[in-house]
Amino acid sequence: MSKPEEHILEKHNSKWKIEHILCNHNMIRRSLTVFLNLLALIVIVGFSLHQEINETRLYIEANLNQIKKTTDSLAYRNKRYANTATKSIVDFNKQNKQLQVLADIHYYPKLKEFGFNRGIYPNNLFNGSLIGPGFPNQLIQKDTHLFVVLDELWAEQQNHPIVYNYYYVSHTLKYFYLSSKIPANQFNTTKKYFLTDFYNYQHSMSQQLNKLQKGMYYTYPYVDFFSHQKVITIKSPVYSNNEIVGDIGVDIPVKSLIKSITLPKKLKSSLNFYLYNINKNQKFEIYNGYSSHLLPPIPVHTHLNKQTLIFADISPWFFVSFAIKITILCISLLIIINYMNVVLKRHKFQKQRYQLEAYTDLLTGLFNRRVMDTIIKDIVTENNNKYQPTAIIIFDANDFKIINDTYGHNIGDLALKHISSTINDMTRDSDICIRLGGDEFCIVLPNANLEQALVMADRLELAIFSGYFCHYNIKISISTGCTVIEKNETLHNALVRADKILYRNKKNKAENKKALQRQLNNYIFKSPPKFPKEE
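The shown structure was predicted, so the numbers you read here are calculated from the model rather than taken from an experiment.

**Remarks on the overall build of the protein chain**
And then number 1: Regarding its fold elements, the protein chain presents 16 helices and 17 strands.
And then number 2: Against the globule reference of 24 Å for 535 residues, the protein chain gives a C-alpha radius of gyration of 52 Å, more extended than a compact globule.
And then number 3: Its C-alpha atoms give the protein chain principal-axis dimensions of roughly 155 × 50 × 35 Å.
And then number 4: When the 535 residues of the protein chain are sorted by exposure, 44% land in the buried category.
And then number 5: Total accessible area on the protein chain is roughly 31000 Å²; 56% of this is exposed by carbon and sulfur atoms.
And then number 6: Treating the 64 positive side-chain charges of the protein chain as one cloud and the 45 negative ones as another, the clouds have centres 9 Å apart.

**Details of the pattern of salt bridges**
And then number 1: For the coordinates displayed, the defined rule picks out 11 salt bridges.
And then number 2: Residues Asp399 and Lys509 are paired through a salt bridge, measuring 3.0 Å at the closest nitrogen-oxygen approach. Of the two residues, Asp399 sits in the loop between β14 (390-397) and α12 (400-407) while Lys509 sits in helix α16 (residues 509-521), which places them 110 residues apart along the sequence.
And then number 3: Accessibility expressed as a relative area gives 28% for Lys509, which makes it partly exposed.
And then number 4: Bridged by salt links that share partners, the residues Arg77, Arg80 and Glu156 form one connected network.

**Focus: the environment of Leu416**
And then number 1: With respect to the element layout, Leu416 can be found in helix α13 (residues 409-426).
And then number 2: By relative accessible area, which is 2% here, Leu416 ends up buried.
And then number 3: When the C-alpha positions of Leu416 and Arg370 are compared, they lie 19 Å apart, and in sequence the two are 46 residues distant.
And then number 4: Dropping the residues within four chain positions of it, Leu416 is found in contact with Leu363, Thr364, Phe400, Arg435, Gly438, Asp439 and Phe441.

**Here we look at a positive patch on the surface**
And then number 1: Together, Arg29, Arg30, Lys345 and Lys348 line one region of the surface with positive charge.
And then number 2: Of all elements in the fold, only α3 (26-94) and α9 (316-358) reach the threshold of two or more residues within the positive patch.
And then number 3: Relative to the elements of secondary structure, Arg30 occurs in helix α3.
And then number 4: Given the relative accessible area of 58%, Arg30 is considered exposed.

**Observations regarding the nonpolar core**
And then number 1: In this structure, Leu130, Leu150, Trp154, Tyr168, Tyr175, Tyr177 and Phe273 are the most contacted members of the largest nonpolar core, which totals 58 residues.
And then number 2: The contact partners of Leu130, leaving out residues within four places of it in the chain, are Ile105, Phe114, Gly115, Phe116, Arg118, Ile140, Phe147, Tyr175, Phe176 and Tyr177.
And then number 3: The next biggest cluster of nonpolar side chains, apart from the first, holds 29 residues, and it includes Phe395, Met426, Cys470 and Cys482.

**Description of the packing of α3 against α9**
And then number 1: Remark: α3 packs on α9, axes separated minimally by 9 Å, with the N-to-C direction vectors making an angle of 145°. α3 and α9 meet at a crossing whose hand is right-handed. In this structure, α3 uses Thr33, Asn37, Leu41, Ile44, Val45, Ser48, Leu49, Glu52, Ile53 and Thr56 to contact α9, whose residues at the interface are Phe318, Phe319, Phe322, Ala323, Ile326, Thr327, Cys330, Ile331, Leu334 and Asn338.
And then number 2: Residue classes in the contact of α3 with α9 are distributed as 13 nonpolar, six polar and one charged.

**Section: the environment of Ser256**
And then number 1: Summarising the element assignment, Ser256 is placed in helix α7 (residues 254-259).
And then number 2: With 196 residues separating them along the chain, Ser256 and Gln452 place their C-alpha atoms 99 Å apart.
And then number 3: The contact partners of Ser256, leaving out residues within four places of it in the chain, are Ile162 and Val163.
And then number 4: Engagement of the side chain of Ser256 in a polar contact is seen with the backbone oxygen of Pro253, the distance being 2.6 Å.

**A word on helix α14 (residues 450-466)**
And then number 1: Between its first and last C-alpha, α14 extends 24 Å over 17 residues, near the 24 Å set by a 1.5 Å rise per residue.
And then number 2: Buried within α14 we find Ala453, Met456, Ala457, Leu460, Glu461, Leu462, Ile464 and Phe465.
And then number 3: Among the structural elements, β14, α13, β16 (440-446), β17 (478-484) and α16 are those in contact with the buried residues of α14.

How each quantity is defined
Residues numbered from 1 in each chain as written. Predicted model: local features only at pLDDT ≥ 70, side-chain atom pairs only at ≥ 80, totals over all residues. Heavy atoms only, no water. Helix = DSSP H or I, 4+ residues; strand = E, 2+ residues; numbered from the N terminus. Rg over C-alpha atoms; globule rule 2.2 N^0.38 Å. Buried < 20%, exposed > 50% of the residue type's maximum accessible area, 1.4 Å probe, protein only. Areas by Shrake-Rupley, 256 points an atom, 1.4 Å probe, with all protein chains shown as cover. Lys, Arg positive; Asp, Glu negative; His and termini not counted. Charge placed at Lys NZ, Arg CZ, Asp CG, Glu CD. Salt bridge = Lys/Arg side-chain N within 4 Å of Asp/Glu carboxyl O. Contact = heavy atoms within 4.5 Å. Patch = residues over 30% accessible without salt bridge, like charges linked within 9 Å, V, L, I, M, F, W, Y side chains within 5 Å. Core = buried A, V, L, I, M, F, W, Y, C linked by side-chain atoms within 4.5 Å. Axes fitted to C-alpha atoms, helices over the stretch in contact; angles between N-to-C directions. Left-handed = near helix turned anticlockwise from the far one by under 90°. Nonpolar A, V, L, I, M, F, W, Y, C, P; charged D, E, K, R; others polar. Polar contact = N/O pair within 3.5 Å; in protein donor to acceptor, adjacent residues only side chain to side chain. Expected span 1.5 Å × (residues − 1).

If you want it as structure tokens, here you go:
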């Protein structure tokens with residue numbers, strides 16, 4: 001881009017534009033554009049995927065923490081129930097002779113069990129079910145008063161999404177009191193149960209002292225002896241005379257932990273849940289939403305209690321599908337942005353072309369007079385501020401009217417094009433070539449003194465005169481006038497002075513023409529080119 005073009009378009013170019021060899025090479029520029037688009041795509045997709053993973057993990061972790069809060073709530077309630085039961089037993093011991101039997105305890109010969117509310121004999125007013133192996137001990141009759149206390153405790157309103165079941169087990173009298181009415185075919189016990197290692201390991205008397213001092217403890221996940229379901233039990237000891245006589249516990253089926261999690265169906269199907277026992281280094285699977293293991297899962301966990309963790313492994317394919325969707329969206333946006341960028345560049349280019357055309361002569365392609373009052377003034381001011389001279393050459397064609405009258409305006413136009421192409425070839429990029437009108441031209445030479453301008457004028461006169469421009473094998477000559485714009489001088493005054501010099505030189509145009517011809521005769525003679533004749 002030439003210096004005057006830069007001046008014309010400077011208002012339309014960004015001040016942050018960087019001219020660089022990379023920006024001028026189409027292939028490199030396109031490769032750079034593709035690279036930047038790919039980089040933007042990777043950054044956007046990567047950031048979105050990172051945010052999605054974090055938000056999903058936090059969402060699932062919040063659900064796991066909700067389970068922990070629910071189990072903790074059940075644990076503290078269970079501890080309170082055990083404390084209440086312990087106090088009640090102390091009171092019952094004081095009133096031993098005054099207590100009356102509150103319910104009939106039946107023996108079931110076929111089941112070899114005793115109890116009530118099993119659907120075999122008419123139900124009494126108790127809400128729960130009593131179950132024990134063999135014949136009932138008479139001491140159990142006193143514990144019917146404890147059942148009333150337990151019914152009242154277990155009847156408290158509790159809004160929990162987890163399914164659970166409270167029970168009281170007497171270690172001294174060997175029976176269970178369950179919080180619900182259980183049919184005979186769903187829960188059976190035998191004498192053997194209270195002799196098993198499983199029972200001995202589960203009751204409070206086998207636990208460490210520090211656990212008992214806290215008033216509650218969690219069991220490891222295990223398969224329940226009666227329901228055959230995998231459960232976690234929270235237990236609290238019940239005392240009489242400072243000895244453990246029983247446990248109040250709450251069984252939580254492991255499956256109910258997962259059912260309590262309120263996750264969207266699509267997300268839940270992309271999760272695997274399991275419990276992890278820290279002490280035993282055991283893993284208990286409780287829910288499998290997916291089975292693919294090609295990519296490593298993204299784990300989320302929380303402590304259910306000190307020895308048990310609840311894990312949720314998120315399938316990476318859940319995020320792969322999200323990444324594909326966001327990639328398609330980003331590609332669509334980048335296509336739209338790039339298309340808009342192309343349209344804007346095309347619009348800017350057209351606007352620049354229109355801007356240049358407003359300052360361009362249509363016939364010769366040189367600048368027209370409009371640049372004199374705008375661009376030239378700015379360039380002259382810029383050079384003056386830098387203490388650099390600015391020279392002007394004004395010239396016109398000799399006997400141009402004779403050419404038009406003799407050969408026609410078409411030949412005259414060819415003469416003007418010959419002049420314009422010659423000065424374009426011989427001037428610098430920083431020089432400004434102007435057609436003032438008709439056959440009159442002007443060249444502004446920034447950073448050039450008078451001597452340099454005179455040399456340029458001589459060269460132009462010889463070059464223009466030496467060439468043929470049409471099939472009539474005629475030549476055209478020019479007369480020139482040179483000057484240098486003085487400091488604080490207006491452009492108009494400099495042009496007037498150069499114009500006066502031009503007309504003085506024009507009086508000697510015949511002699512100048514002969515001098516040019518003699519100069520050409522010193523070169524090797526060349527025959528004129530053959531131009532196609534016009535009909």
